[in-house]
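Examining the three-dimensional arrangement
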Amino acid sequence: MIMDDIRSFRGLIGKEHTLLGLDLGTKTIGVAISNKSWTIALPLHTIRRTKFSSDIEQLTHIVEQRTVGGIVLGLPLNMNGTEGPRCQSTRAFAQNLNRKIDLPITFWDERLSTVAVERTLQETDTRHKRRIEIIDQMAAGFILQGLLDRFNLTNKRSEE
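A short tour of the structure in this document, coming up. Source: prediction; values computed, not measured.

Moving on: the overall build of the chain. Within the chain, the secondary structure is distributed over five helices and six strands. Ordered by position from N to C terminus, the α and β elements of the chain give β-α-β-β-β-α-β-α-β-α-α. Looking at the chain residue by residue over its 160 residues, the buried ones come to 44%. Accessible surface computed for the chain: about 8900 Å², of which carbon and sulfur atoms make up 50%.

Counting buried positions along strand β6 (residues 105-109) gives four out of five residues, so the element sits mostly inside the fold. Of the strand pairs in this sheet, strand β1 (residues 2-3) and β6 are connected by two bridges, and their pairing is parallel. Paired with M3 across the two strands is T106, which belongs to β6. Alignment of strand β5 (residues 68-75) against β6, held across five bridges, turns out to be parallel. Within β6, the position partnered with L73 by the bridge is F107. Assessed by its sense of winding, the connection that carries the chain from β5 through helix α3 (residues 85-100) to β6 is right-handed.

In total, this model carries three salt bridges according to the counting rule given. For R49, the salt bridge goes to D55, with nearest N and O atoms at 3.2 Å. For E110, the salt bridge identified is with R86, shortest N-O distance 3.7 Å. Within this pair, whereas E110 is found in the loop between β6 and α4 (113-123), its partner R86 is found in helix α3, the two being separated by 24 residues in sequence.

A few words on helix α2 (residues 52-65). The terminal C-alpha atoms of α2 lie 20 Å apart, and with 14 residues this matches the ideal 20 Å at 1.5 Å per residue to within 8%. Here α2 has its buried residues at D55, I56, L59, I62 and V63. Down the axis of α2, the smallest arc covering the buried residues is 120°, so these residues share one side. In this structure, α2 carries E57, E64 and Q65 as exposed residues pointing more than 90 degrees from its buried face. If you follow the buried residues of α2, they end up packed against β2 (18-24), β3 (28-34), β4 (41-48), β5 and α3. Once α2 ends, the next one or two residues include T67, with phi positive near 45°.

Ordered by their spatial adjacency, six strands build an open sheet running β1-β6-β5-β2-β3-β4, and the pairing between neighbours is mixed. Every other strand in the sheet has two partners, leaving β1 and β4 as the edge strands with one partner each. Against the sheet, α2 engages β2, β3, β4 and β5, with an angle of about 155° to β4. Against the sheet, α3 makes contact with β1, β2, β3, β5 and β6, and its axis sits at roughly 160° relative to β5, the strand it touches most.

Attention now goes to the packing of aromatic side chains. The geometry of an aromatic ring pair is captured by the separation of the ring centres together with the interplanar angle, meaning the angle of the planes. Across all of its chains, the model carries two aromatic pairs by this definition. Between W38 and F151, the aromatic rings sit 5.6 Å apart at their centres with planes inclined by 40°, giving tilted as the arrangement. Of this pair, W38 sits in the loop between β3 and β4 while F151 sits in helix α5 (residues 128-159), placing them 113 residues apart in sequence. Residue W38 shares its accessibility class with F151, and that shared class is buried.

Reading guide: rules and limits
Residues numbered from 1 in each chain as written. Predicted model: local features only at pLDDT ≥ 70, side-chain atom pairs only at ≥ 80, totals over all residues. Heavy atoms only, no water. Helix = DSSP H or I, 4+ residues; strand = E, 2+ residues; numbered from the N terminus. Buried < 20%, exposed > 50% of the residue type's maximum accessible area, 1.4 Å probe, protein only. Areas by Shrake-Rupley, 256 points an atom, 1.4 Å probe, with all protein chains shown as cover. Pairing = 2+ DSSP bridges. Right-handed = clockwise from strand over helix to strand, strands pointing away. Salt bridge = Lys/Arg side-chain N within 4 Å of Asp/Glu carboxyl O. Expected span 1.5 Å × (residues − 1). Arc of directions from axis to C-beta. Contact = heavy atoms within 4.5 Å. Axes fitted to C-alpha atoms, helices over the stretch in contact; angles between N-to-C directions. Phe/Tyr/Trp six-rings, centres within 6.5 Å; stacked < 30°, edge-to-face > 60°.

In C-alpha cells:
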C-alpha cells in the first residue's frame, strides 16, 4: 500500500517493527534502518543497482532480517516543490516495489539531503573515497531521520 499521508502510514506499523529508508538513485539505492523505538535512523547499506529483480531480492532480504514494518522512499522534489521526471521514476519504483514487498510505503521530501550529507562528511574530514562509498546510505539515513523526527514531534504535541 502506497500512502502520501504519513499519519495513515504510521498507523499501519506496529511498534515492534523498524522502518526502512531508501535513497533511490539511478546507479545505487542507499538503505537506512530505524531502531524499534523510531528515534534514530542508521545508515545500513548501499545497493549497486543492476536489474529490478536483483534490487528487490536484496531489499527483501533486508526486510526479512530487520523486522521492517514500512518503507520510506526519498521523493526528489524540485526546489520549488513541484514533481519532475525523477519523482515520476521514484513513484514508478514504489509501484513496482509494492507489487513485490507487501509493506506500507510512503514518501519523504529529500530536497538537499545529499547536499547536507556531503557537507557533513566534508566537515568531518571524511576521505573522498570513503564519502563516495557511504553517501547514498547516509542520505537514506537523513531522509528516514526526517520522518522519524516528524513522528516524534507529533508525539510530543499530542502529549501536551
